[in-house]
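Chain and residue survey
Next come the chains, spelled out residue by residue.
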Amino acid sequence: MYRRFLVTLLRRSILALLLICLGCSAQSAPTDVAQRVERQVRAFYSIPPHVKITLSPLKPSEFPNYDALTITFDSGDKKQNYDFLLSKDGQTLIRMTKLDLSKDPYAAVMKKIDVSGRPTRGNKDAKVVAVNYDDFQCPFCSRMHQTLFPQLLKEYGDRVVFIYKDFPLAEIHPWATHAAVDTPTREK
């Protein structure tokens, strides 16, 4: 009786394990599709033969009739992952970039720019902020100020603020650094 119980338990365990394995293998791309994906990706992106391409198991995507797939490119010293969509019929591979439109992509960059105490021109409360990097010895910067700024201020007026930052090109303008250091920061 005990032996029969153990045999039945062993058979059921093997059956359960087999079903789990089949479920896992059903999630990965079939071998012929995986080979076609690798071949197409290598050709389209000009991936050299020494770069190893690995496909992740398929997972459901938010798009109907497509599964999500991550493809890893491994050159030994560098590894990169890219997300793709594979059609359920295995005939189409799509590379998309999903962008979060709820976040401002420039907010993080603007937070890195220290504009405190810098001279400004225009409405300080304007929604449009232009940070202008100048070299005091640069003739092109001078020409830009003479031609562009009067027209911009006339056209946009209080809807924009210009913040001036020094960017001396000391290699070609040796006095620009001195001018930037000696110029007091005041409002224009």
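Computed from a predicted structure; not experimentally measured.

Here we look at the state of the cysteines
In total, this model carries 0 disulfides according to the counting rule given. In this model Cys138 remains outside any disulfide bridge; the closest cysteine sulfur is found in Cys141, 3.4 Å from its own. Look at Cys141 and you get buried, because its relative accessible area is 15%.

Points about the pattern of salt bridges
Taken as a whole and assessed by the stated rule, the structure comprises 5 salt bridges. Note that Glu62 is salt-bridged to Lys98, the shortest N-O span being 2.9 Å. With Glu62 in the loop between strand E2 (59–60) and strand E3 (66–74) and Lys98 in the loop between strand E5 (93–95) and helix H3 (107–112), the pair connects residues that are 36 residues apart, well separated along the chain. Judged on exposure class, the residue Glu62 and its partner Lys98 are both exposed. A salt bridge links Lys88 to Asp67, with the shortest nitrogen-to-oxygen separation between them at 2.9 Å. Here Asp67 lies in strand E3 and Lys88 lies in the loop between strand E4 (79–87) and E5, a separation of 21 residues in the sequence. Residue class for Lys88 comes out exposed when judged on its relative accessible area of 55%. Taking relative accessible area as the criterion, Asp67 reaches 14% and is therefore assigned buried.

Quick word on helix H4 (residues 139–156)
Every α-helix carries 3.6 residues per turn, so stepping three or four residues along brings you back to the same face. For H4, spanning 18 residues, the distance from its first C-alpha to its last is 25 Å, which sits close to the expected 26 Å at 1.5 Å a residue. Considering bend angle alone, the principal kink of H4 is centred on Leu148 and spans about 35°; proline Pro150 follows within four residues of it. The positive-phi residue at the C-terminal boundary of H4 is Gly157, with phi of around 50°.

Quick word on a nonpolar patch on the surface
The grouping of Tyr106, Met110 and Val129 at the surface amounts to a nonpolar patch, some 300 Å² of accessible area in total. Tracing the sequence through the fold places Val129 in strand E7 (residues 128–134).

Parameters and conventions
Residues numbered from 1 in each chain as written. Predicted model: local features only at pLDDT ≥ 70, side-chain atom pairs only at ≥ 80, totals over all residues. Heavy atoms only, no water. Disulfide = S-S within 2.5 Å. Buried < 20%, exposed > 50% of the residue type's maximum accessible area, 1.4 Å probe, protein only. Salt bridge = Lys/Arg side-chain N within 4 Å of Asp/Glu carboxyl O. Helix = DSSP H or I, 4+ residues; strand = E, 2+ residues; numbered from the N terminus. Expected span 1.5 Å × (residues − 1). Bend = angle between axes of the 7 residues up to and from the residue. Patch = residues over 30% accessible without salt bridge, like charges linked within 9 Å, V, L, I, M, F, W, Y side chains within 5 Å. Areas by Shrake-Rupley, 256 points an atom, 1.4 Å probe, with all protein chains shown as cover.

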